[in-house]
Amino acid sequence: MAYQEQQLEKITGTLQNVIFASSDSYFKILSVQIDDSTLENWDEPEIITTGTFADVQEGSVYAFYGSVVRHPKYGQQFKVTRYENELPPDKNGLIKYFTSGQFSGIGKKTATKIVEHLGLNAVNLILDDVHVLDGIVKETTAKKLMRSLQLNLGLERLFQVGSQFGMGADMAGRLYDQYGAEAENILSQDPYRLVFEFDGMSFKMADVIGQKIGVDRTDERRVQAAVYATIITMSYQYGYTYLTRQQLIQSSVKLIRDSNAEVVASQAIERLLADNILVEEDQRLYAATLYHAEMQTANDLKRLLDAKLPFELSEQAINAAFITPGQLVLDDTQIAAVKAGLNAQVFLLTGGPGTGKTTIVRAVVATWHKLLQAQAKYADNTTDFLKSYAVKMASPTGRAAKRMTEVTGYDATTIHRLLGISDLDEPEFNADNPIAGGLLIIDEASMLDIELTAKLLAAIPNGMKLMIVGDSDQLPSVGPGNVLADLVASGKITHIELDTIYRQGKGSSITTLAQHIKNGELPNDFMKNQQDRSTFMVSHDQADQAIKQVVQAAVKKGYTQDDLQILTPIYKTTSGVNALNTMAQELFNPAKPAQKSLQFGTTIFRKGDKILQLENDSERDVFNGDMGKIIAVQYKNDKSNDDHEDRLIVDFDGKEISYPKKDLNQLTLAYATTVHKAQGNEFKVVIMALTTRFGLMLNRNLLYTGITRAKEALILVGEYEAFLHAAQTPVPTRLTRLKERLQNQELAPSQDSIDKPNAMHKVAENHLTIEMIQSDDISPLIGLNGVTPYDFMPN
Ligand SMILES: Nc1ncnc2c1ncn2[C@@H]1O[C@H](COP(=O)(O)OP(=O)(O)OP(=O)(O)O)[C@@H](O)[C@H]1O
């Protein structure tokens, strides 16, 4: 810390009162009476002091280190970098401190005894080991004293210990929240443990601490953390569910940096296997969570495929109830898709843009409801019956869910919400508490990763039909797994691919382009401008200016920021997300004089800005990829701001969400986004930038996903070679085993055919085949007395 000390001023003073304490961070504003200070130009007896503080006590004396800053509204304040509780320097003072009322059960006699036995360093000795009080005070008093001291001083000490290791107060605060008093010990004795347990602790950070405290490079705790960090990082970076042993060792060696690294890495793998942190299967090494997710997905699919259906709908029953949306004439594949959607226990529907996926979903939902309505009149309780067999619809993104609701007229939600997943807890709906309904339709399935899929499938009860809809040529999920492609490739699940493009008019040449890209080529007319597609071929260095001109022209034509989306593969470079966002913000929402704004990192947020949510936040019900608009910027001193914190209010399709400044890391400007972040969203106009500078990012699925986000017009900017290279380059293979598990039936003995009861199964305990046959062949349905196949037909 000495290196900072030279530039920092010091104030020793008594905390008079806490003017403000943030409810969700450790930020506080204090009024401090100065006893002593190094400040040269300060004549006032008090100073307003701001910073990150633990549970500081009014009336206590502290030493604050920091500097005087000028607040635009409130003038000069002392901004604290670190602080210490100035414990009284003599025995009498210390006795007074213990009897100040902060520590219940300690009177003058006990306080004197403690100070006499433990001396002036009593507080630190107690914090280090409560047993120093053995024989001095009763065990219960000792414990209480320890707890109060920890509350008052433990976090404070952790801030200091953390700062020695270059750890920010925010992280130290989170550590304290998770481990309490133990945090300091963990940091200074076994920081590598945090790589396994603490969200946000990278191996690199733990290693900085580990090296400072002198942990040997081949120490097994260090090596195990390196191996674990490697498998997790690679799985999430490349989307793998497993690594080969050789891959894992080779990559771990780079972190371990020791001549003996290969040997110790192998030993660490064995240890991690023994501890069930890794799982090995046929020379493949999995992080246990991913192994179980993959296994569970395969098991649950088999369970659903094997489960008895509550009823099967005959060809005739379906034909009779069949609803075709919008008077269309469906082709044979489409008709087969609707029937499979109604009948197959698990059904996969894939197809490119404009091939009719949404149309099929509409037909399935409408026909299902018609069948249900007809059947409901025979149920004991119509409402319960309709609820038990209702259609549920969900999608990985909020936007896609909203679109499903719009096109079908029925409720759709995010998968997170459907399952009741909150950030830390297990999902509310799971194998023991399954979701209810008769038919579940999942859209945008290309975005499903293996972990979410496992959670989703676990919560589906036997007999509930599952229809999975997606475009398998889009980018695979951000998280590990290659779920949609693996399901299709397994050949074990009823699958229909729609390949006739029906979209006409605006956006139709985009679907044709998509078809070519899918085949690994660019069409001959790629460079020829169409009514809905144009190309501006420029070098990488000119691309940002070209995009600027296109945006300016679009703004002139009356397109809004909602209509238009810039897509590019990466964040950095002049044609990356960051630079293009700054450029587009100036065009769509330029700064006005005296306008409020909040800065986070290098981003300046203003009212009216288009923004993107970067992570799942189930508490606020916003998810990675959701787009919204800033509708208010509030300063902490605004009269209307009761919370006294700087914040943004963001509107997500009618849902208003408030972000205190410390949560602004969840948001970014969204005029430009990566293609990955745009998956699941659609826009009227897409401007997509690709240049050869984007190198390894260029692949077919990226280009395909980007251009298929455009509904009405597509403008391609960049280098022809980059577009061609992307079209010709298949997406890198992901190491996953879901396909093989399904094919080889490598399924663990499971509770496959145990029926999980839910409301629906009570009705459906007996299997019913609804056909145009004599009712003698039909088992009686509990609660559905008198049902005949004719009841499933239209009136
Ligand atoms: N058999 C058909 N005959 C005529 N038009 C059709 C047929 N099937 C679908 N369409 C029309 O084609 C257009 C695209 O269909 P739809 O929106 O269902 O496709 P999609 O696969 O969901 O596309 P996207 O993934 O791009 O949303 C719609 O306007 C739809 O009405």
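Residues numbered from 1 in each chain as written. Predicted model: local features only at pLDDT ≥ 70, side-chain atom pairs only at ≥ 80, totals over all residues. Heavy atoms only, no water.

When helices and strands are counted, the protein shows 29 helices and 28 strands. Summarising its shape, the C-alpha atoms of the protein cover approximately 100 × 65 × 60 Å along the three principal directions. Positive and negative side-chain charges in the protein, numbering 79 and 99 respectively, have mean positions lying 3 Å apart. (Helix = DSSP H or I, 4+ residues; strand = E, 2+ residues; numbered from the N terminus. Lys, Arg positive; Asp, Glu negative; His and termini not counted. Charge placed at Lys NZ, Arg CZ, Asp CG, Glu CD.)

This part covers the site of the ligand. Within the structure, the ligand sits among 16 residues, and Gln 334, Gly 354, Thr 358, Thr 359 and Lys 711 are positioned closest to it. One of the backbone N or O atoms of Lys 357 is found 2.8 Å from an oxygen atom in the ligand. Contacts to the ligand include Lys 711, whose side-chain N or O atom sits 2.7 Å from an oxygen atom. In the complex, 76% of the free accessible area of the ligand, which totals 620 Å², lies under the protein chains. A per-element tally of the shell around the ligand places helix 16 (residues 357-376) first, with three residues. Residue classes in the shell around the ligand are distributed as five nonpolar, seven polar and four charged. (Near = heavy atom within 4 Å. Polar contact = N/O pair within 3.5 Å; in protein donor to acceptor, adjacent residues only side chain to side chain. Areas by Shrake-Rupley, 256 points an atom, 1.4 Å probe, with all protein chains shown as cover. Nonpolar A, V, L, I, M, F, W, Y, C, P; charged D, E, K, R; others polar.)

Right, let's get into the pattern of salt bridges. Two side chains carrying opposite charge are able to pair once their charged atoms lie near each other. Applying the stated criterion across every chain yields a total of 34 salt bridges. Across the pair Glu 270 and Arg 245 runs a salt bridge, and its minimum N-O distance is 3.0 Å. One end of the pair, Glu 270, is in helix 12 (residues 261-274); the other, Arg 245, is in helix 11 (residues 245-256), and 25 residues separate them in sequence. Since its relative accessible area comes to 19%, Arg 245 is described here as buried. Between Lys 302 and Asp 306 there is a salt bridge, and its shortest N-O distance comes to 2.9 Å. Residue Lys 302 and its partner Asp 306 are both found in helix 13 (residues 288-306); the two are separated by four residues, about one turn of the helix. (Salt bridge = Lys/Arg side-chain N within 4 Å of Asp/Glu carboxyl O. Buried < 20%, exposed > 50% of the residue type's maximum accessible area, 1.4 Å probe, protein only.)

For the pair helix 5 (residues 139-164) and helix 7 (residues 182-189), the least separation of the axes is 9 Å and the interaxial angle reads 15 degrees. Comparing their axes, helix 7 and helix 5 come out roughly parallel. Relative to helix 7, the crossing made by helix 5 is left-handed. Taking contact as the criterion, the partners of Arg 157, Leu 158, Val 161 and Gly 162 in helix 5 are, on helix 7, Ala 183, Glu 184 and Leu 187. (Axes fitted to C-alpha atoms, helices over the stretch in contact; angles between N-to-C directions. Parallel < 35°, antiparallel > 145°, perpendicular 65-115°, else oblique. Left-handed = near helix turned anticlockwise from the far one by under 90°. Contact = heavy atoms within 4.5 Å.)

Once that is clear, we can look at the sheet that holds strand 6 (residues 242-244). Pairing within the open sheet is antiparallel, and its three strands lie in the order 6-8-7. Of all the strands in the sheet, just strand 6 and strand 7 (278-281) have a single pairing partner and so form its edges. With direction set aside, neighbouring strand axes in the sheet form an average angle of 30 degrees. As judged from the four bridges shared by strand 7 and strand 8 (residues 284-287), these two strands associate in the antiparallel manner. Bridging across to strand 8, Val 279 finds its partner in Tyr 286. Relative to the sheet, helix 10 (residues 220-238) contacts strand 6, strand 7 and strand 8, its axis offset from that of strand 8 by approximately 90 degrees. Across the face of the sheet, helix 11 comes into contact with strand 6, strand 7 and strand 8 while running at roughly 85 degrees to strand 6. (Pairing = 2+ DSSP bridges.)

This part covers the environment of Glu 315. Mapping Glu 315 onto the fold places it in helix 14 (residues 315-321). Overall, Glu 315 belongs to the partly exposed group, its relative accessible area being 45%. A C-alpha to C-alpha distance of 21 Å links Glu 315 and Lys 357, two positions 42 residues apart in sequence. At a separation of 2.5 Å, a polar atom in the side chain of Glu 315 contacts the side chain of Lys 339.

Right, let's talk about the confidence of the model for the protein for a bit. Looking at the protein, pLDDT values average 87 and 92% of them are 70 or higher. The least confident element of the protein is helix 29 (residues 759-763), whose mean pLDDT is 32; the most confident is strand 8, at 98. In the predicted structure, residues 1-5 sits below a pLDDT of 50 and forms six contacts with residues beyond four places in sequence or in another chain. Here residues 746-795 is modelled with pLDDT under 50, and outside its nearest four sequence neighbours on either side it reaches 112 contacts, counting other chains as well. Across the interface, the model reports ipTM at 0.98; the global pTM reads 0.79. (pLDDT = per-residue confidence, 0-100.)

This part takes up the packing of aromatic side chains. Note on aromatic pairs: each is described by the distance of the centres and the angle between the planes. The full count for this structure, using the stated rule, is 18 aromatic pairs. Geometrically, the ring pair formed by Phe 20 and Phe 27 is tilted, given 6.1 Å between the ring centres and 50 degrees between the ring planes. One aromatic cluster in this structure is built from Phe 53, Tyr 62, Phe 64 and Tyr 83. Over the ring of Tyr 65 we find Arg 82, and its NZ or CZ is 4.1 Å from the ring centre. For Lys 596, the ring lying beneath its charged end belongs to Tyr 635, and the centroid distance is 5.5 Å. (Phe/Tyr/Trp six-rings, centres within 6.5 Å; stacked < 30°, edge-to-face > 60°. Lys NZ or Arg CZ within 6 Å of the ring centre and 35° of its normal.)

Quick look at the pairing of strand 17 (residues 564-568) now. For strand 17, a buried count of five out of five residues is recorded, marking the element as mostly surrounded by other parts of the structure. Where strand 17 meets strand 26 (residues 683-690), four bridges bridge the pair, whose relative direction is parallel. Counterpart to Leu 567 in the pairing with strand 26 is Met 688. Where strand 17 lies against strand 25 (residues 672-674), three bridges are found, and the strand directions are parallel. Each residue of the ladder has a partner; that of Leu 567, found in strand 25, is Thr 673.

Turning to the environment of Ala 169, a few remarks are in order. Turning to its location among the elements, Ala 169 is positioned in helix 6 (residues 169-179). Residues Ala 169 and Ser 25, 144 residues apart in the sequence, show an inter-C-alpha distance of 9.9 Å. Not counting the four nearest positions on each side in its chain, Ala 169 is found in contact with Thr 52 and Phe 159.

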